[in-house]
Protein chains: 2
Amino acid sequence: MPISMHSVCAPTFVRMLGNLQTWLDKARAHAEARKFDPNNYLGLRLAPDMLPFSRQVQIASDTAKGCMARLAGVEVPKWEDNEATLAELRARAQKTIDYVKSFAAAQIDGSEGREILIPTRAGEPLVFNGESYLKHYALPNFYFHVTTAYALLRHAGVEVGKADYLGGR
Amino acid sequence: MPISMHSVCAPTFVRMLGNLQTWLDKARAHAEARKFDPNNYLGLRLAPDMLPFSRQVQIASDTAKGCMARLAGVEVPKWEDNEATLAELRARAQKTIDYVKSFAAAQIDGSEGREILIPTRAGEPLVFNGESYLKHYALPNFYFHVTTAYALLRHAGVEVGKADYLGGR
């Protein structure tokens, strides 16, 4: 079957968010072995003016959720960013996986030309077509935030490696 | 036009490697302003057992080059990893952009089912079809290395931001 808008985004989100759950499990195990509070990871930052770990996970989730909804032309659900523990961040990843899986391929396929508006703080929205939004906004943003989450855990000494990053074979 | 194997990979590589060149330019400017050797970036690591900045750029390049060649069914060119300066890393990014652009869409499109073998140190190669290789190996690896390169510069105080990461609008 030819590659399609749905086959490019949905399996990527599901796979990488599943991998993220593995990284969170390894982070918890690392904290337990060292006897520190696993929720200490949530405030880690690579630089003082970068968003903390918890926000990296939440924004990765938002990017996947927003991409599916916008390409399907349905309202983007609002989820409270109230996760305060590593376990709650893991549940957020699962909720996102379930949301991505709730879309049929037919809802997303053919959305290459759909007009997508992304609100900005400055006022004027960013305007994309579906294909450009997927390739040059949603996917790079998604990978940015999952990779930054991974980098924070790796930097903190959690024993994750490239096989955990790529995941599920 | 429907999304295709070529339209998913080539514009992504070209755009993100162009963005990387902007980050390198900002890194050079940062070094000049602080009067330190801009080649000091090349050895930076997020953790002592992670690859340094120079290797992150080289592997991002290799991932893009290998993806184009393998999907087109041509031999992957071997490039020496001998870049020793920031300027040489910038040239490596440009060489990669030029290589990606040297492929016609027709060479890559329709490669969803092509068998792709990736050699491993353990001996047994990884076996993919073209679509799975693109989505679950080449793209995540590519984004891993460009994002880690970005994170290293960001961590080092270079004034790059999300607009530089996403780039060219």
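In this report, we go over the structure that sits alongside the text. In every chain, residue numbers begin from 1 and rise along the written sequence. For this description, chains carry letters from A and ligands carry numbers from 1, given in the order in which they are written. Per-residue local features are limited, in this predicted model, to residues with pLDDT of at least 70; the limit for side-chain atom pairs, both in listing and counting, is 80 or more; totals at the level of whole chains, interfaces and linings are taken over all residues. Derived side-chain values reflect all non-hydrogen atoms in the structure, with water molecules and hydrogen atoms excluded from consideration.

### Structural notes on the overall build of chain A
Test applied: Per the convention used, a helix needs a DSSP run of H or I reaching at least four residues, while a strand needs a run of E reaching at least two, with both numbered from the N terminus. Here the globule rule is a power law, 2.2 Å times the number of residues to the power 0.38, and the radius of gyration is based on C-alpha atoms. Buried residues are those whose accessible area, probed at 1.4 Å on protein chains only, stays under 20% of the maximum for their type, while exposed residues exceed 50% and partly exposed ones sit between those limits. Between two residues, a contact is recorded if the distance between any of their heavy atoms is within 4.5 Å. For every accessible area listed, the method is Shrake-Rupley and the probe measures 1.4 Å; residues are considered covered only by the protein chains on display.
A count of helical and extended segments in chain A gives six helices and two strands. Going from N to C terminus, chain A has its helices and strands arranged as α-α-α-α-β-β-α-α. Compactness check: chain A gives a C-alpha radius of gyration of 16 Å against a globular reference of 15 Å for 169 residues, within 12% of the reference. Viewed in the frame of its principal axes, chain A has a C-alpha envelope of about 50 × 40 × 25 Å. Per-residue burial over chain A gives 54% buried out of 169 residues. Taking the intrachain contacts of chain A between residues at least 6 apart in sequence as the baseline, contacts between residues at least 24 apart amount to 68%. Of the roughly 7,500 Å² that chain A leaves accessible, carbon and sulfur atoms contribute 52%.

### Things to note about the relation of the copies chain B and chain A
We apply this condition: Copies overlap after least-squares fitting; the atoms used are the C-alpha atoms of residues with pLDDT of at least 70 in both.
You can overlay chain B on chain A at an RMSD of 0.0 Å; the transform is a turn of 180° with a shift of 0.0 Å along its axis. Classification of the inter-copy transformation places it as that of a two-fold axis. Most of the interface of chain B is mirrored in chain A, where 100% of its interface residues are also at the interface.

### Details of the pattern of salt bridges
All names here are of chain A. Where we set the bar: A pairing counts as a salt bridge when a side-chain nitrogen of Lys or Arg comes within 4 Å of a carboxyl oxygen of Asp or Glu.
Applying the stated criterion to the full structure yields 21 salt bridges over all chains. As a salt-bridge pair, Asp-62 and Arg-92 come within 2.9 Å of each other at their nearest N and O atoms. In this pair, Asp-62 is assigned in helix 2 (residues 53-72) and Arg-92 in helix 3 (residues 86-101), connecting sequence segments 30 residues apart. Looking at Arg-92, the relative accessible area reads 2%, which means it is buried.

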